[in-house]
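Coordinate analysis (summary)
What follows is each chain in one-letter form.
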Amino acid sequence: AMSKSIQLYNDVVSFETDYSEELAFKERVLDLLQQSGDEALSRQNFEPGHITASGFIVNKDATKMLLVQHTKLNLWLQPGGHLDEGETTYAACLREVAEETFLKKIVSDGQLFDIDIHLIPTNKGLPAHFHFDIRYLLYVDEALPVDISEESLAIQWVKLEDVQSFNNSDSMVRPVQKIQKLGQKC
């Protein structure tokens, strides 16, 4: 079987974006995968950091996004987290979404949707390091029940145009803009 880091490397190479900061993120992800190989996928890899995965969950007509209020960070975010050993980023994304929202019925093309890199400050004796976040777009029926894990304080469907009032970081604004553009194509 092809190593997970080579598989991801190939996915990232073919990923296209119109955002200059995201092109820079793409190059940094490729550098990390080249330098560290499968180690890049391990949460024990702190220099410069490791791959994580997350999912932007939208309703069927992509007018709303499901956000969770993260307990530790107290930020409204998309669900996501670290990879388990031997896991692909897409599998990790789906597992984290299921753990953080209890949603299992998800529709997605499984294609890379967004790349983001953010600094994780020193915490609990762990050194400061980067999360190289590989992100997917997931469609869900908003009538399905959702619930939160102990990782979250709250969960909420938010109109796409209101997401910025919950989280106005570039990390969230860029994917929202992409989703809005997708909506206009239909």
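Criteria and cut-off values
- Residues numbered from 1 in each chain as written.
- Predicted model: local features only at pLDDT ≥ 70, side-chain atom pairs only at ≥ 80, totals over all residues.
- Heavy atoms only, no water.
- Helix = DSSP H or I, 4+ residues; strand = E, 2+ residues; numbered from the N terminus.
- Rg over C-alpha atoms; globule rule 2.2 N^0.38 Å.
- Buried < 20%, exposed > 50% of the residue type's maximum accessible area, 1.4 Å probe, protein only.
- Areas by Shrake-Rupley, 256 points an atom, 1.4 Å probe, with all protein chains shown as cover.
- Salt bridge = Lys/Arg side-chain N within 4 Å of Asp/Glu carboxyl O.
- Contact = heavy atoms within 4.5 Å.
- Expected span 1.5 Å × (residues − 1).
- Pairing = 2+ DSSP bridges.
- Phe/Tyr/Trp six-rings, centres within 6.5 Å; stacked < 30°, edge-to-face > 60°.
- Lys NZ or Arg CZ within 6 Å of the ring centre and 35° of its normal.

Our focus in this paragraph is the overall build of the protein chain. A tally of helices and strands in the protein chain yields five helices and seven strands. Compactness check: the protein chain gives a C-alpha radius of gyration of 16 Å against a globular reference of 16 Å for 186 residues, within 12% of the reference. Taken along its principal axes, the extent of the C-alpha atoms in the protein chain is 45 × 40 × 30 Å. The buried share of the protein chain, taken over its 186 residues, is 46%. Carbon and sulfur atoms make up 52% of the accessible area of the protein chain, which totals about 9,900 Å².

Our next topic: the pattern of salt bridges. Per the stated rule, a full pass over the model turns up 13 salt bridges. One salt bridge connects Arg174 with Glu21, and the closest N-O pair in it is separated by 3.2 Å. In this pair, Arg174 is assigned in helix α5 (residues 170-185) and Glu21 in helix α2 (residues 20-36), connecting sequence segments 153 residues apart. For Arg174, a relative accessible area of 2% corresponds to the buried category. Linking Asp84 and Arg95 is a salt bridge whose minimum nitrogen-to-oxygen distance equals 3.3 Å. Here the residue Asp84 occupies a position in the loop between β4 (80-82) and α3 (89-101), and Arg95 occupies one in helix α3, the gap between them amounting to eleven residues. For Asp84, a relative accessible area of 43% puts it in the partly exposed group. With relative accessibility at 19%, the residue Arg95 sits in the buried group. Linked by salt bridges that have partners in common, Glu21, Glu22, Asp114, Asp116, Asp133, Arg135, Arg174 and Lys178 make up one network.

Right, let's talk about the environment of Gln180 for a bit. Mapped onto the secondary structure, Gln180 falls in helix α5. C-alpha separation for the pair Gln180 and Ala143, spaced 37 residues apart in sequence, amounts to 21 Å. Once residues lying within four places of it in the same chain are set aside, the contact partners of Gln180 are Leu160 and Glu161.

Here α3 is 13 residues long and its end C-alpha atoms lie 18 Å apart, about the 18 Å a rise of 1.5 Å per residue gives. Of the residues trailing α3, Phe102 is marked for its positive phi of about 65 degrees.

Moving on, we get to the pairing of strand β6 (residues 129-139). Within a regular strand, the side chains alternate between the two sheet faces. For β6, a buried count of nine out of eleven residues is recorded, marking the element as mostly surrounded by other parts of the structure. In this structure, strand β1 (residues 49-58) lies alongside β6, joined through ten bridges in parallel fashion. Counterpart to Gly55 in the pairing with β6 is Tyr136.

Time to look at the packing of aromatic side chains. Here the structure, examined in full by the defined rule, presents four aromatic pairs. Where Trp76 meets Phe166, the ring centres are 5.2 Å apart and the plane angle is 90 degrees; that geometry is what we call edge-to-face. Residue Trp76 is found in strand β3 (residues 76-77), and its partner Phe166 is found in helix α4 (residues 163-166); the two are separated by 90 residues along the sequence. Judged by relative accessible area, which is 14%, Trp76 ranks as buried. The residue whose ring lies beneath Lys178 is Phe113, and the NZ or CZ to ring-centre distance is 5.4 Å.

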